[in-house]
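So you can see what is in the structure, the chains are spelled out below.
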Amino acid sequence: MKQFLYLIFFFLIFSCGTASQAQNYKTHKIKQGETIESIAKIYSVTPFDIYTLNPDAKNGLKRNDVLIIPNSKIVNTEAPQAVIEKELVGFKEHKVKRKETLYSLSKMYDVAQEDIKKHNTFLYANNLRKGDELKIPVYKKVLTVNEPKATTKDYTVLPKEGKWRIAYKYGITVTELETLNPGMNEVLKEGEVIQVPNLEKEAEKPIDDRYSYYKVLPREGFFRLKLKLGLEQEELEALNPELKEGGLKVGMILKVPYQAASSDEVEAEASSDLTQSITNSDTKHIAVMLPFKLNLVDTDSILDTKKLINTNPFLNKSLDFHSGVLVALDSLKKMGVSLKVDVYDTKNQLSEISSILRNNDFENVNAVIGPFMPNNIEKVSAELKRYNIPVISPITKNVTLTENVFQSRPSEDLLTEKIVNYVESDSTITKIIIIADHDNTKVSNDLKSKFYAASQVYSRKDKEGKDAHYILDNDIRHLLKPGKNVVFLETSHAGFISTVTSKLNAYITDDVKIILATTNMNDAFEDDEVSNYHLSNLQFHFPTISKMYNEDDNNSFAKNYENRFGVSPNKLAVRGFDLTMDVVLRLASSEDLYTSVNDTPLTSYVENKFAYKKKLFGGYYNNTVYLVKYNDLKIVEIED
């Protein structure tokens, strides 16, 4: 550390012509019991700022060692400042004698040379000469003690403003904002007064809605951000000039282009409750397009109708989804939202969609929910683009995102990113093991590239070289370490899941903790062959586009649904409810669906949440998924 200090001091001496005026650093001698955090608080800087100039400090602090402290960006220090002010009260006459100079006269009369020249302007063009008659200013000196400006100031939370927006505005991390406000609520309320750094107004950074914002995760450097966001260090620095001075900080908010968004893009710290934000009282005109195929239904035969419902996947899904829509419409009407709703049967045919669009007036429709299939969505969006009417894809994974398309179902890539980023951020993990069958070799290798120290285990093969979907005790037992072990299981084979989870349960001890995880939660994990007790004991972690509501929660939707239809809602019914609620409430709380994307970054309902982001050249995609785990035989959300 001493060599580093000498180098800094050497640089400062020769790079600052007048150190007292241009000094950018100060020094601090470490006292007994001091920490980086306590020192940072004294000088109104962050611990990261100190570590940047003193990298050896990460290895521990020693008494009497000297740290280099950067100047704080905060307006003033905590100490009062005394200022001597001068008041001109008159002049003295002075005739210049031999050998007298401006310097000697300034010392004689205790005035600055510049003050003498200011009142004897001929001295700006001529040298001082013997016999010159001067007017020497006489000042009355007044000592003024200025009270110090606080290092923080009050800030009133604006409508729909979350922690990350305020942290970005004042150039701090969310954690630092929370440190300034002990006991701060997770959800900030409009009008709430909090403390922020006392920066000059011009130092505050505005939120630019043309960009997205990304929170830096632990152990993320420029190389990892390049892989994740596709942006070079120079591009990030151009958008975020503070990176050139302080580098990357964990938790800092970066401005990035829309197309660079990832699953960890900044969201509001908690979802917005739009039921409390209804401001647009105009009647909302909604169109719902679903492939009922009612032309195939024989209304004279109850038996045939029941059979068709059970065998026709389009009719089955459409009825389930539409049942959720109906409950949502009831709830919205009770809230006082004025609605006009048209429901169309597309029959899953492009010709029928063309007929619907041709024979009905869509010009004043606020939004269209549906159809289901990608080619049908593309047809509707293309026809309605001239009216700038948003078309929301309800369940489709892959749809062409033209300017007026909203893909409400998150992409599969987000699921993998969610669980990988969660595991990466957990510094308490001692070992990562990847178990996979041979159909998931690519998934295993992709995980290995993320966790280079992880061990890979594949299912055994039979004599014919086919996957036998089992492993032996010796395949994994010796890999487990004392502490927390995370085991990824990548397979769609229920028998393999049953075998692996049974063995992992047997390996749990007081010293060896095992967490099961997967990037692909498929039906095999819910097979009767797989023990829920084993999954719960292993705290099974997985990402999902929708969480499962618990029946013992006070869930008004589930109760209303059961009262109306006599059965519990399935996932499609819940999605129909959640999506309809979100679309209509966004329209009722913003000018239109497009502006709601910025007005309301994140919403959540019974099982689904929505955080739309816009592609640079294209439409909108839902950029948020859940991370959940088994806990006491229930599936609960992990707050990450």
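No experiment lies behind these values; they were computed from the predicted model shown.

(A) Spotlight on the overall build of the protein. A tally of helices and strands in the protein yields 23 helices and 24 strands. For the protein, the share of sequence-separated contacts (at least 6 apart) that also reach a separation of at least 24 residues comes to 68%. Summed over all atoms, the accessible surface of the protein reaches about 33900 Å², with 49% contributed by carbon and sulfur.

(B) Expanded view of the sheet that holds strand β21 (residues 612-614). Read across the open sheet, the seven strands follow the order β10-β9-β11-β12-β13-β22-β21; overall the sheet is mixed. Of all strands in the sheet, those with a lone pairing partner are β10 (339-345) and β21, marking the two edges. Pairs of neighbouring strands in the sheet enclose a mean axial angle of 25°, with direction left out of account. As paired strands, strand β12 (residues 391-393) and strand β13 (residues 405-407) are joined by three bridges and run parallel to one another. By the bridge assignment for β13, Val391 is matched with Val405.

(C) The pattern of salt bridges, seen in detail. If you walk through the whole model with that rule in mind, you get 20 salt bridges. Glu204 is the salt-bridge partner of Lys153, the closest N and O atoms lying 3.2 Å from each other. Taken as a pair, Lys153 in strand β5 (residues 152-156) and Glu204 in the loop between β6 (193-197) and β7 (212-215) lie far apart in primary sequence, 51 residues in all. Residue classification places Lys153 among the partly exposed positions, given a relative accessible area of 23%. Classification of Glu204 as buried rests on a relative accessible area of 14%. Between Lys379 and Glu383 there is a salt bridge, and its shortest N-O distance comes to 3.6 Å. Of the two residues, Lys379 and Glu383 are both situated in helix α15 (residues 374-384); the distance of four residues between them amounts to about one turn of the helix. Several salt bridges share partner residues, and in doing so they unite Lys86, Asp115 and Lys118 into one network.

(D) Spotlight on the side chain of Lys614. As for its position among the elements, Lys614 is in strand β21. Judged by its relative accessible area of 18%, Lys614 falls in the buried class. Of note is the side chain of Lys614, whose polar atom sits 3.2 Å from the side chain of Glu403. Of note is the side chain of Lys614, whose polar atom sits 2.9 Å from the backbone oxygen of Gly618.

(E) Representation of the nonpolar core. In terms of nonpolar packing, the biggest core is built from 41 residues, with Ile286, Phe321, Ile392, Phe406, Leu579 and Tyr612 touching the most fellow members. At the level of secondary structure, the elements contributing two or more residues to this core comprise β9 (284-290), α13 (313-334), β11 (367-369), α21 (556-565), α22 (571-589) and α23 (593-599). Looking at this core element by element, the count peaks at ten residues for α22. Look past the residues within four positions of Phe406 in its chain and what remains in contact with it is Pro390, Val391, Ile392, Ser393, Leu593, Tyr594, Val597, Tyr612 and Tyr620.

(F) Up close: the packing of helix α14 (residues 350-359) against α15. It is the contact of α14 with α15, at a shortest axis distance of 10 Å, that shows an interaxial angle of 25°. One finds that α14 runs roughly parallel with respect to α15. Crossing hand, α14 versus α15: right-handed. Along its contact with α14, which presents Leu350, Ile353, Ser354 and Leu357, the element α15 presents Asn375, Asn376, Lys379, Val380, Glu383 and Leu384. Classifying every residue of the contact of α14 with α15 gives five nonpolar, three polar and two charged.

(G) Representation of unusual backbone geometry within the structure. The step from Gly370 to Pro371 runs through a cis peptide bond, and the omega angle for that step is -5°. As for its placement among the helices and strands, Pro371 is situated in the loop between β11 and α15. Phi is positive for Lys99, close to 75°, though the residue is something other than glycine. Checked against the element boundaries, Lys99 lands in the loop between β3 (81-95) and α5 (102-109). Take Lys99: its relative accessible area is 71%, and that puts it in the exposed class. Phi is positive for Gln539, close to 50°, though the residue is something other than glycine. With respect to the helices, strands and loops of the structure, Gln539 is situated in the loop between α20 (532-537) and β18 (541-544).

(H) Spotlight on the confidence of the model for the protein. Here the protein averages 83 in pLDDT, and 85% of its residues register 70 or above. Looking at the elements of the protein, mean pLDDT is at its lowest for helix α2 (residues 19-22), recorded as 35, and at its highest for β11, recorded as 97. Across residues 1-23, confidence stays below pLDDT 50; counting only partners more than four residues off in sequence or on other chains, it has 18 contacts.

(I) Spotlight on the environment of Asp110. With respect to the secondary-structure elements, Asp110 resides in the loop between α5 and α6 (113-118). Measuring from C-alpha to C-alpha, the distance between Asp110 and Tyr139 comes to 9.3 Å, with 29 residues separating the pair along the chain.

(J) Up close: the environment of Asp320. Within the fold, Asp320 resides in helix α13. In the structure, Asp320 is positioned 251 residues away from Lys571 in sequence and 8.5 Å away in space, judged by C-alpha atoms.

(K) Just the packing of aromatic side chains, in detail. Enumeration according to the criterion identifies 19 aromatic pairs in this entry. Between Phe321 and Phe372 the ring centres are 5.8 Å apart and the planes differ by 90°, which places this aromatic pair in the edge-to-face class. Of this pair, Phe321 sits in helix α13 while Phe372 sits in the loop between β11 and α15; the two residues are 51 residues apart in sequence, bridging distant segments of the chain. Residue classification places Phe321 among the buried residues on the basis of a relative accessible area of 0%. Considering the side-chain rings of Phe406 and Tyr594, the 5.8 Å spacing of their centres and the 45° angle between planes classify their relative orientation as tilted. Taken together, the residues Phe406 in strand β13 and Tyr594 in helix α23 connect sequence positions 188 residues apart. An aromatic cluster is defined as three or more aromatic residues linked by ring pairs; in this entry it consists of Phe406, Tyr594, Tyr605, Phe610, Tyr612 and Tyr620. Lys614 extends its terminal NZ or CZ atom over the ring of Tyr620, reaching a point 5.9 Å from the ring centre.

(L) Structural context of helix α9 (residues 222-229). Every buried residue of α9 is accounted for by Phe222, Leu225 and Leu229. Viewed along the axis of α9, the buried residues span an arc of 60°, placing them on a single side of the element. For α9, the exposed residues lying more than 90 degrees away from the buried face are Phe223 and Leu227. Of the residues trailing α9, Gly230 is marked for its positive phi of about 75°.

(M) How the structure looks around a negative patch on the surface. On the surface, a cluster of negative charge is contributed by Asp523, Glu526, Asp527, Asp528 and Glu529. Relative to the assigned elements, Glu529 resides in the loop between β17 (512-517) and α20.

(N) Geometry of the pairing of strand β14 (residues 429-436). Extensive coverage of β14 is indicated by the burial of seven of its eight residues. Sheet analysis places β14 next to strand β16 (residues 483-490), joined by seven bridges and oriented parallel. Residue pairing in the sheet places Ile433 in a bridge with Val487 of β16. Here four bridges tie β14 to strand β15 (residues 455-458), and the two strands are oriented parallel to one another. Following the sheet pairing, Ile434 is matched in β15 by Gln456. In this fold, β14 hands off to helix α17 (residues 441-450), which returns the chain to β15; that crossover is right-handed.

Parameters and conventions
Residue indices begin from 1 for each chain and proceed along its sequence in written order. pLDDT decides what is reported in this predicted model: residues at 70 or higher carry local features, side-chain atom pairs at 80 or more are listed and counted, and totals for whole chains, interfaces and linings draw on all residues regardless. The side-chain figures draw on all heavy atoms in the structure; neither hydrogens nor water molecules are used. Counting from the N terminus, the helices are the DSSP runs of H or I reaching at least four residues and the strands are the DSSP runs of E reaching at least two. Only heavy atoms matter for contacts: two residues are in contact if any of them lie within 4.5 Å across the pair. Surface accessibility in these figures is a Shrake-Rupley result with a 1.4 Å probe; residues are shielded only by whichever protein chains are displayed. Strand pairing requires that DSSP identify at least two bridges connecting the strands. Axes here mean lines fitted to C-alpha atoms, for a helix over just the part in contact, with angles spanning 0 to 180 degrees between N-to-C directions. Counted as salt bridges are all cases of a side-chain nitrogen of Lys or Arg within 4 Å of a carboxyl oxygen of Asp or Glu. Categorising residues by exposure relies on relative accessible area from a 1.4 Å probe, with only protein chains included: less than 20% of the type maximum marks a residue as buried, more than 50% marks it as exposed, and the intermediate range marks it as partly exposed. Two N or O atoms form a polar contact when they lie within 3.5 Å of each other; inside protein one atom must be a possible hydrogen donor and the other a possible acceptor, and for residues adjacent in sequence the pair counts only when both atoms belong to side chains. We call a set of buried Ala, Val, Leu, Ile, Met, Phe, Trp, Tyr and Cys residues a nonpolar core when their side-chain atoms join them within 4.5 Å. In these notes the angle categories are as follows: under 35 degrees is roughly parallel, over 145 is roughly antiparallel, 65 to 115 is roughly perpendicular, and the rest is oblique. Crossing handedness is read from the near helix: turned anticlockwise from the far helix by less than a right angle, it gives a left-handed crossing, and turned clockwise, a right-handed one. Three categories are distinguished: nonpolar for Ala, Val, Leu, Ile, Met, Phe, Trp, Tyr, Cys and Pro, charged for Asp, Glu, Lys and Arg, and polar for the others, with Gly belonging to the last. Per-residue confidence from the predictor is reported as pLDDT, which spans 0 to 100. Ring pairs are drawn from Phe, Tyr and Trp, using the six-membered ring of Trp, whenever the two centres fall within 6.5 Å, and their geometry is named by plane angle: stacked under 30 degrees, edge-to-face over 60, tilted for the rest. Criterion for a charge above a ring: Arg CZ or Lys NZ at most 6 Å from the ring centre, at most 35 degrees from the ring normal. Comment: arc refers to directions from the helix axis out to C-beta atoms. Patch definition: residues above 30% relative accessible area lacking any salt bridge, with like charges linked at up to 9 Å and the nonpolar side chains Val, Leu, Ile, Met, Phe, Trp and Tyr linked at up to 5 Å. Positive charge is attributed to Lys and Arg, negative charge to Asp and Glu, and no charge count is given to His or to the chain ends. Charge positions are represented by NZ for Lys, CZ for Arg, CG for Asp and CD for Glu. Crossover handedness is defined here as right-handed if the route from the first strand over the helix to the second strand goes clockwise, with the strands pointing away from the viewer.

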